[in-house]
Structure formats: C-alpha cells, structure tokens
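# Observations on the model geometry
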Amino acid sequence: MEVVTAVKGFKDILPEETGRWQYVEARAREVFAAFGCREIRVPILERTDLFARGIGEATDIVEKEMYTFRDRGGECLTLRPEATASIIRAYLEHSLHVADPVAKLYTIGPMFRRERPQRGRYRQFHQIDVEILGHEAPCIDGEVILMLLHFLRSVGLKAPHLEVNSLGCNICRPGYRASIQGFLAGREADLCGDCRRRLDTNPLRVFDCKVPSCREIVDQAPGVTDSLCGECRDHFAAVLVSLDAFDIAYVINPRMVRGLDYYTRTAFEVTTEFLGAQNAVAGGGRYDGLVRELGGPDIPGIGFAVGFERLLALTAEDLDDVPPFSPELFIAALGDPARQFAYALGNRLRLQGRRVEMDCRPRGLKGQMKRADKLGCRRVLIVGDREMETRQAELRDMTTGEQVRVSLDDPSSWEYLLV
Ligand code: ATP
Ligand code: MG
C-alpha cells in the first residue's frame, strides 16, 4: 500500500532535529524573561475577520496567502499567518489591559501561509514572536531591538544586519501615501498586476513587492523620512539614540515598509548574507493603532517575529550546547534472572533521572553491545548468571574500554561514573 505523505510545504521536524529546536526555545525563554516578557499561548485558528482587520485587506498575506475555509458550521476561519493579531485579541478578550495596560508577551509556534515552497519558505513555518503592549516611549523600541539582537547572538547568529525605518503615523502617513501615489501614477505600465491594482487602495504595498521590475521603480521612489511629522521625526531620532547607546549598528532604509498594514513609526528587519533570496531572519515594528483597530482602547504596541527555520538554518553547526540525548548507561543482560534485574534496575535509575537503556529481548552479548554502540551509550553494565550470584559486575567505558567492578546492590556507589 502507498504511504500517505505530508502536505506540500508542511515539514516534519524529526527527533534528530528537535534537540536544536528545544535549545533555541530555551535561549529565547531565558532572554525574554530577563527583559520581563511572559509567555502567552493562543490558538492557531481564528475568525478570518481578525486577520483581515489586523493585517489589512490589501496585503499579500490576506489576499493570497491565508489558509481560509468554512468549517462544518459555516463559520469562516483561518489558520493564523502571524501571531500579533491573535495576541491582541487575547489581550482584549481577557481584559489584560484593564488591570495593567503594559503587557510584555511572547509566543512560539507554527504559522501558516500558502506561499510557493522553496528553501527558507514553507507553508507551515514557526515564529518566535514578541509583543510589548502599552509602551509608547522610543526607548522601548531600542530595548526591543536590543533584546532581539541579543537573542539572535545568543544562539550563534553571526553578522546580523539591522535595518530600521520610521513609517510615520496616521497624521503624516496620508501625505506620504499621496506622494507615492503621485510618483507611481506615471509608472503604472511598469508595475506588476498586483501593484497596479493596489495603486488606489494601498500604494505603499509596492515597497514590499518582490517582482524585480517593481523593485527597480521602488528604488527611485521618495523615502518616507522627509514626510514625517515633527513628533514622528523626534520619536525616530530618539529610537536611534537608544540604539547608539547600546552600540547597535544599523542602516536606515527609508524604503522599508514591511508586509503588514498595521505598522506605524518604527519598523525594523534583521537579515544576513548567508540566507540567499529568503534573507530575512526577523522583522517587526511599532503598531500604535492596531489595538484600537481590533476594537480596544488606544494602546500602543511594538513587536517582532523571528523565523525559526531560517534562524536554525543559520546556526546549524554552532549549536554544541544542544542537550545530549544518548543514554548514559546501557545494561546488557544475559539469562532470565539478569534480564529481570536489568529491567528493575534500569527503570529505577530512570526514575532518578538517568538516561538508561536495556534490551528486553533475549539476545546475545554481541547484539546487545552493538545496540549500545548504535545508541551512543557511554557506559555498559554487563550482567549474567555469575554476576547475579556474586552481586558484582563490570561497568565498561565504551570510549576508553576501561572496566570498573561495581556492586549490583549499591548503584549509588558507582552512579557518579555515569556522566
Ligand atoms: P519575507 O519577506 O521573507 O516573505 P515577511 O516579511 O513575510 O518575510 P514576516 O511576516 O515579517 O515575514 O515574518 C517574520 C519572519 O518570519 C520573517 O523574517 C521570516 O524569517 C519568517 N517567515 C515569514 N514567512 C515565512 C515562510 N513562508 N517560511 C519560513 N519563514 C517565514
Ligand atoms: Mg512574506
């Protein structure tokens, strides 16, 4: 019979890879906790409306990439393409903002976008996502970027390249939007279909278009910087001051707008030269109008998302600290009494937290030693009828071949050898 395979663009994460995933997650939790962030876990399925309102109707994600379907009750649902909207929904739904508008939250989990699968781009991928709500001050933007870079470095990412921009606010953005509309008006013929269609609804989307001919046009478009209002200009300047204070190197990219409509003021992206075309490891920014857009009060926010798969692809060889999985001890047993003893001792040691394996099938010594070797066990305890009588057995170090006589009745006297 044919084996059923996974859906295109959906990947299994196999046991040999999960150690590295756990390692990266553990570093994220450590770093985020140091900065006062707490974990929130939100569902992967939401009402479609949440994303349409949050991300923006005329964006690639909402127009083309969402997994949207009607369930058996006829409700229109979507597998989340990002976490920000869900986190804000939960923050409002549970009135977290009532007791304290400041909430520093993070979540780690799968996101779904129906894009063309290729290296570094999947249909189910994972993000490490941070959202800080209730803080408007530019020093928070600096702190969030500091935390992101610190986390990326702590898992071994080399040479992260940081780009920053300010996208203005609802006071100055309309002016910029109009100037881009004017700029694009004469160049309509050279734009791709999507961009032409969005000229009226969402002209800033051209900046996020990946079609080369659109990119060429965008490179000549006016940057946002000159359109910023006084307050946004001051805010951005203060963000840069806080980055300078932490010695964070950055490049200002006045044409970076990012793919979601909700960003205001600070936007940033971390790329590396090692990823090829899919070079963005993380992106984020401020979204001061989003909480209100989703039905809440006027509460500012800022956040980022790290692409887990892309981060792992960059740090593959560097993660020596991945927790070991190989058993510390293999108990090889010959004969029924020894096998029963091995079964009892092995499980008792496991209850104490030791990684122990034994082979419960009646097999010869050679087969058992082979299995111990295959599992990468450092030490093997060999027990047979004679050992059961004398209550002593050899503990063999598989790397050095060294053997030590140990007492079967007092494992605590030789447990220190298991490392
Ligand atoms: P890109 O420009 O590569 O499409 P994006 O701007 O759509 O990225 P965001 O929505 O900002 O990405 O998500 C943050 C991060 O999530 C990205 O920087 C990237 O590392 C990762 N990411 C986004 N889409 C995918 C995907 N389809 N597969 C794997 N990782 C992804
Ligand atoms: Mg994208």
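See the structure above.
Overview of the structure.

Conventions we followed
Residues numbered from 1 in each chain as written. Chains lettered and ligands numbered in written order. Predicted model: local features only at pLDDT ≥ 70, side-chain atom pairs only at ≥ 80, totals over all residues. Heavy atoms only, no water. Near = heavy atom within 4 Å. Polar contact = N/O pair within 3.5 Å; in protein donor to acceptor, adjacent residues only side chain to side chain. Areas by Shrake-Rupley, 256 points an atom, 1.4 Å probe, with all protein chains shown as cover. Helix = DSSP H or I, 4+ residues; strand = E, 2+ residues; numbered from the N terminus. Nonpolar A, V, L, I, M, F, W, Y, C, P; charged D, E, K, R; others polar. Disulfide = S-S within 2.5 Å. Buried < 20%, exposed > 50% of the residue type's maximum accessible area, 1.4 Å probe, protein only. Core = buried A, V, L, I, M, F, W, Y, C linked by side-chain atoms within 4.5 Å. Contact = heavy atoms within 4.5 Å.

Turning next to the site of ligand 1. Taken together, 15 residues lie around ligand 1, and Arg 113, Glu 115, Lys 210, Arg 258 and Ala 280 are the ones closest in. A distance of 2.8 Å is found between an oxygen atom of ligand 1 and a side-chain nitrogen or oxygen belonging to Arg 113. When ligand 1 is considered free in solution it has 580 Å² of accessible area, and contact with the protein chains removes 93% of it. For the shell around ligand 1, the elements supplying multiple residues, two or more each, are β6 (124-133), β10 (280-286) and β11 (301-307). Of the residues forming the shell around ligand 1, the biggest block, 3 residues, is contributed by β10. A class-by-class count of the residues in the shell around ligand 1 yields 6 nonpolar, 3 polar and 6 charged.

Below, the discussion takes up the state of the cysteines. Each disulfide is one covalent bond, formed between the sulfur atoms of two cysteines. Overall, the coordinates contain 0 disulfides when judged by the stated rule. The closest cysteine sulfur to the non-disulfide-bonded Cys 37 is located on Cys 139, 14 Å from its own sulfur. Among the cysteines around Cys 172, which has no disulfide bond, Cys 229 carries the closest sulfur, lying 3.7 Å off. Classification of Cys 172 by relative accessible area gives buried; the value is 7%.

Here is a general trend for soluble globular proteins: nonpolar side chains tend to be buried in one another's company. With 54 residues, the main nonpolar core has Ile 88, Leu 184, Leu 191 and Phe 207 as its most contacted residues. In terms of residue count, helix α4 (residues 84-93) provides more of this core than any other element does, 6 residues in total. Filtering out sequence-adjacent residues up to four positions away, Ile 88 remains in contact with Leu 133, Tyr 287, Leu 290, Val 291 and Leu 294.

Inspection of the secondary structure puts Glu 328 in the loop between α12 (308-315) and β12 (329-333). Of the residues examined, Glu 328 reaches a relative accessible area of 9% and is grouped as buried. Here Arg 354 takes part through its side chain, which lies 3.0 Å from a polar atom of the side chain of Glu 328.

Everything listed here is a matter of geometry and, on its own, says nothing about what the molecule does.
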